[in-house]
Amino acid sequence: MTTQTLRQDFGRYVSLSVLGMIAVSCYILADTFFVAQGLGTTGLAALNLAIPVYNVIHGTGLLLGMGGATKFSILKSQGAHRRADSVFTHTLGMAAAAAAVFALAGALGAPQLAALLGADGETAAMTGTYLRVLLLFAPAFLCNDVLVCFVRNDGAPQLAMAATLSGSLANVVMDWFFIFPCGMGIFGAVLATGFSPVIGVIVQSPHWLGRRRGFHLRQVRPRLRTAGQVLALGVPSLLDQLSGAVVMITFNTLILGLTGNTGVAAYGVVANLSLVVLSVYTGIAQGIQPLVSRAWGQGQRAALQRLLRYALGTALVFSAALYLVFFLGAGPIAGVFNSEQDPAMQAIACQGLRLYFLAAPFAGVNIILAVYFASVEQAVPAQAVSLLRGILVILPMAVALAAAFGMVGVWVAFPVSEALVALVAWALLRRCRRTLYPASRES
């Protein structure tokens, strides 16, 4: 594969993946804007308390979709089409089982889950409503996530992007319609979010129903080894989403003790913007995944190195531009979500935007390296990076810094944690160099 061809493929896959991931993150960002305008600080706090459950659902979809599609791509590049179909069949079966669990939780335990997440008083009813509907739509979310990953790895990144983009745009329109003209409140916001993956599945139907698709359902016996391979390669994508949920739950708890619901609402602004920012890095990582897995399956050493270099360079340039925007425009950005013109919320949000997003370049490196390791079947380093940034470092760091420095400590916990994990991730990359770059069959 020539350098020019590789650059063209990189540009095409990454740009389409980034657009698609931004569209996914806009499910929640649109909710944040319209809920802030229509329901005020109480609605924004309720939404923020419920978002971690969305992270868990979406993370499960990516666990199965990215894990299954990665193994599918490697097998397909090696000509093992029957085994690739078996991977797809196992992935869909696991998605169906997970969807049933989520839907059952929504039907039977939404109020209890809302209380567990810290909802009380005025926020309890709103949070419970949001969680119930969101969990009942889990089958649609999981199906869409799995299909997007397989369609992208099956040579149709444009269609995968179109599915997520159309679902997101529909969500924005339905959000406005259900909340304002229909007056449906928080129920309208989550209903719009739930319909979005349904639209995504429909948009992809020409591929997954078409004759040219490279993946097929087959009658296969359930194999623990196949399921284990899918899960092992998908864990980094799950932990990436779970880290968002863990961080939000931890930060919500800490901030409730420091500044109450006003602080939680301010954090909601920062956290939801963070969803969009991190989706760009996830888009870069998922964009290179089919190319990296194909190069790995075919033993193309030079292509692996160039793809990683392109991805990290793109992430670092984006990070620099992004932080400049947040540093200079913190006031106007926070004001967009501050419909009640609350000065306390405005001040907390502005401080958060300037401190929290110092993490951007380090988070980008960590997300890309975790997916890169998984794409070349290095499951242990991938899981180590994801576990460190998702749970093992951020939790004690947030508690310790919040106790020492209050809200400033809460905000800087994220960048400090990501920076430490980035050092570990880079060390793991250097340690695995011989395994990652075997003698190539084609450079």
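First, a word on scope: everything that follows refers to the structure included in this document. These figures come from a predicted structure and were not determined experimentally.

The rules behind each value
Residues numbered from 1 in each chain as written. Predicted model: local features only at pLDDT ≥ 70, side-chain atom pairs only at ≥ 80, totals over all residues. Heavy atoms only, no water. Helix = DSSP H or I, 4+ residues; strand = E, 2+ residues; numbered from the N terminus. Buried < 20%, exposed > 50% of the residue type's maximum accessible area, 1.4 Å probe, protein only. Contact = heavy atoms within 4.5 Å. Areas by Shrake-Rupley, 256 points an atom, 1.4 Å probe, with all protein chains shown as cover. Lys, Arg positive; Asp, Glu negative; His and termini not counted. Charge placed at Lys NZ, Arg CZ, Asp CG, Glu CD. Expected span 1.5 Å × (residues − 1). Bend = angle between axes of the 7 residues up to and from the residue. Arc of directions from axis to C-beta. Core = buried A, V, L, I, M, F, W, Y, C linked by side-chain atoms within 4.5 Å. Phe/Tyr/Trp six-rings, centres within 6.5 Å; stacked < 30°, edge-to-face > 60°. Patch = residues over 30% accessible without salt bridge, like charges linked within 9 Å, V, L, I, M, F, W, Y side chains within 5 Å. Salt bridge = Lys/Arg side-chain N within 4 Å of Asp/Glu carboxyl O.

Quick word on the overall build of the protein
Okay, so step 1: The helix and strand inventory of the protein stands at 15 helices and 0 strands.
Okay, so step 2: Overall size of the protein, expressed as C-alpha extent along the three principal axes, is 60 × 40 × 35 Å.
Okay, so step 3: Within the span of the protein, comprising 443 residues, buried residues form 59% of the whole.
Okay, so step 4: In the protein, 83% of the contacts between residues at least 6 apart in sequence involve partners at least 24 apart.
Okay, so step 5: Approximately 16,800 Å² of the protein is accessible, and the part contributed by carbon and sulfur atoms is 67%.
Okay, so step 6: Averaging the positions of the 26 positive and the 14 negative side-chain charges in the protein gives two centres separated by 20 Å.

Description of helix α2 (residues 81–116)
Okay, so step 1: Its 36 residues give α2 an end-to-end C-alpha distance of only 45 Å, which falls more than 12% under 52 Å, the value for a rise of 1.5 Å per residue.
Okay, so step 2: The largest bend in α2 is about 90°, located at G109, with the proline P111 one to four residues further on.
Okay, so step 3: Residue G118 follows α2 closely and has a positive phi angle near 105°.

Observations concerning helix α13 (residues 394–405)
Since the α-helix advances by 3.6 residues per turn, residues separated by three or four positions end up pointing in the same direction.
Okay, so step 1: The terminal C-alpha atoms of α13 lie 16 Å apart, and with 12 residues this matches the ideal 16 Å at 1.5 Å per residue to within 8%.
Okay, so step 2: Buried within α13 are the following residues: I394, M397, A398, L401 and A402. All buried residues of α13 fall inside an arc of 120° around its axis, so they share one side. In α13, those exposed residues whose orientation departs by more than 90 degrees from the buried face are A403 and A404.
Okay, so step 3: Buried-residue contacts for α13 involve α7 (224–298), α12 (379–392) and α14 (407–431).
Okay, so step 4: Two residues or fewer after α13 comes G406, characterised by a positive phi angle close to 65°.

Some remarks on the nonpolar core
Okay, so step 1: I57, F251, Y267, L353, Y356, F357 and I368 are the most contacted members of the largest nonpolar core, which has 141 residues in total.
Okay, so step 2: When residues of this core are assigned to their parent elements, the largest contribution, 25 residues, is made by α7.
Okay, so step 3: Ignoring sequence-local partners within four residues, the contact set of I368 consists of Y281, I284, A285, I288, L308, A311, L312 and A315.

Overview of the environment of K76
Okay, so step 1: Tracing the sequence through the fold places K76 in helix α1 (residues 3–77).
Okay, so step 2: Considered as a pair, K76 and R294 are 218 residues apart in the sequence and their alpha carbons are 8.4 Å apart.
Okay, so step 3: Other than its neighbours up to four places away in sequence, K76 contacts H81, A84 and D154.

Focus: the packing of aromatic side chains
The geometry of two aromatic rings is summed up by the distance between their centres and the angle between their planes.
Okay, so step 1: Using the criterion set out here, one finds 20 aromatic pairs in the structure.
Okay, so step 2: Seen from their ring centres, F137 and F195 are 5.5 Å apart, and the 75° between their planes marks the pair as edge-to-face. Residue F137 is located in the loop between α3 (122–136) and α4 (138–153), and its partner F195 is located in helix α6 (residues 185–208); the two are separated by 58 residues in the primary sequence.
Okay, so step 3: The class of F137 is buried, set by a relative accessible area of 18%.
Okay, so step 4: Relative accessible area serves as the criterion here: at 32%, F195 is assigned to the partly exposed category.
Okay, so step 5: Where Y356 meets F414, the ring centres are 4.6 Å apart and the plane angle is 25°; that geometry is what we call stacked.

What to know about a nonpolar patch on the surface
Okay, so step 1: Residues W176, F177 and F180 make up a contiguous nonpolar surface patch of about 310 Å² in total accessible area.
Okay, so step 2: Topologically, F177 is positioned in helix α5 (residues 157–179).

Considering the pattern of salt bridges
Okay, so step 1: Evaluation of the coordinates by the stated rule reveals 5 salt bridges.
Okay, so step 2: With a shortest N-O distance of 2.6 Å, D154 and K76 are connected by a salt bridge. One end of the pair, D154, is in the loop between α4 and α5; the other, K76, is in helix α1, with 78 residues separating them in the sequence.
Okay, so step 3: Judged by relative accessible area, D154 falls into the buried class, the value being 9%.
Okay, so step 4: Here E418 and R389 are joined by a salt bridge, their closest N and O atoms 2.7 Å apart. Of the two residues, E418 is situated in helix α14 and R389 in helix α12; the sequence distance between them amounts to 29 residues.

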